[in-house]
Amino acid sequence: MIYSSKQNSLIKMLASLKDKKGRRENGLYIAQGVKMVSEAIKFNQEIEYIVIAEGFDASFLDCNAKTITVTNQVFEYLSDEKTPQGVLAVIKIPEFTANKPNGNAIVLDGIQDPGNLGTIIRTAVASGYSDIYLINSVDPFSPKVVKASMSGIYFVNLYKCTYDELFQVIDGYDLIVSDLDGDNLFEFKPKNNYAIVIGNEGNGVSNELREKASVVLTIPMTDKIESLNASVAAALMMYNLKN
């Protein structure tokens, strides 16, 4: 069977996953493209459906999930990419209750750009951080975040929490805030378990977290540049504090 109508109930549900409300109501998100789908299978994500465009060779996909075929027009309707590759996976959103981190952690305080969040997730996995706490931040399971994470989304614990919930689970940890007015990052070595705090792209770290900070660190820059991209600042913090 090839699905050809955008009005089909299953197709309408899948299309709703492009929006936060649809993801929340169905508990599902979309990973797009050959690499993301292959790695979702390889790393045992809970895949509900594999969706392929008519004519796409899916013989390489070894998965027990239900595979549905749709017309190219319907596939373009389901995808938010300009040049979709013809395959996507519909994956169950993992449910994480805020818990104490396993080692050092990342706190994202009001990150709103999907590309930034996806890149931070990707860098966290690369540098060995597995617990990320999200306060007032963009939905980590939006298609743009998932794409930018480059499969990193499969390997992190993403905790959506309030300030109070965060303070409870990281009790005993040093909160290391990245901001413009602080000590030199490259001259600081952490002595205890820590959580790196990266603030909003425009407004920086909230007062709630700044007041709880154990230390504020600054990345030295020339006077020609006012600030760094949030994901770049996060990467520098993650790697330098690890060493």
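Whatever comes next refers back to the structure up there.
Parameters at a glance
- Residues numbered from 1 in each chain as written.
- Predicted model: local features only at pLDDT ≥ 70, side-chain atom pairs only at ≥ 80, totals over all residues.
- Heavy atoms only, no water.
- Helix = DSSP H or I, 4+ residues; strand = E, 2+ residues; numbered from the N terminus.
- Rg over C-alpha atoms; globule rule 2.2 N^0.38 Å.
- Buried < 20%, exposed > 50% of the residue type's maximum accessible area, 1.4 Å probe, protein only.
- Contact = heavy atoms within 4.5 Å.
- Areas by Shrake-Rupley, 256 points an atom, 1.4 Å probe, with all protein chains shown as cover.
- Lys, Arg positive; Asp, Glu negative; His and termini not counted.
- Charge placed at Lys NZ, Arg CZ, Asp CG, Glu CD.
- Pairing = 2+ DSSP bridges.
- Axes fitted to C-alpha atoms, helices over the stretch in contact; angles between N-to-C directions.
- Phe/Tyr/Trp six-rings, centres within 6.5 Å; stacked < 30°, edge-to-face > 60°.
- Lys NZ or Arg CZ within 6 Å of the ring centre and 35° of its normal.

A. Local environment of the overall build of the chain. Each helix and strand in the chain was counted, giving nine helices and 11 strands. For a compact globule of 243 residues, the expected C-alpha radius of gyration is about 18 Å, and the chain comes in at 20 Å, within 12% of that figure. When the backbone C-alpha atoms are referred to their principal axes, the chain occupies close to 60 × 40 × 30 Å. The buried share among the 243 residues of the chain stands at 49%. Long-range contacts, defined here as pairs at least 24 residues apart, represent 76% of the contacts in the chain between residues at least 6 apart. Carbon and sulfur atoms provide 44% of the accessible area of the chain, an area that totals close to 12,400 Å². On the chain, the mean spot of the 23 positive side-chain charges and the mean spot of the 29 negative ones are 4 Å from each other.

B. Up close: the sheet that holds strand 8 (residues 157–160). Overall, parallel pairing links the six strands, which are arranged 8-7-6-10-9-11 in an open sheet. The outermost strands of the open sheet, each flanked by one partner alone, are strand 8 and strand 11 (215–218). The mean angle between the axes of side-by-side strands here comes to 30 degrees, regardless of whether they run parallel or antiparallel. Looking at chain direction, strand 7 (residues 131–135) and strand 8 are connected through four bridges and run parallel. Paired with aspartate 131 across the bridge in strand 8 is asparagine 157.

C. Local environment of the sheet that holds strand 1 (residues 2–3). Strand order in this open sheet of five strands is 1-4-3-5-2, and the pairing throughout is mixed. Lying at the two open borders of the sheet, with one neighbouring strand each, are strand 1 and strand 2 (28–32). Bridge count between strand 3 (residues 47–53) and strand 4 (residues 66–70): five bridges; the pairing is parallel. Looking at strand 4, one finds that isoleucine 52 is bridged to threonine 69.

D. View of the packing of aromatic side chains. In this structure the tally under the stated criterion is seven aromatic pairs. Where phenylalanine 43 meets phenylalanine 155, the ring centres are 4.7 Å apart and the plane angle is 75 degrees; that geometry is what we call edge-to-face. Within this pair, whereas phenylalanine 43 is found in the loop between helix 3 (34–42) and strand 3, its partner phenylalanine 155 is found in the loop between helix 6 (143–149) and strand 8, the two being separated by 112 residues in sequence. On the basis of relative accessible area, phenylalanine 43 is assigned to the partly exposed category, the value being 32%. The positively charged end of lysine 18 is found above the aromatic ring belonging to tyrosine 77, 5.1 Å away from the centroid.

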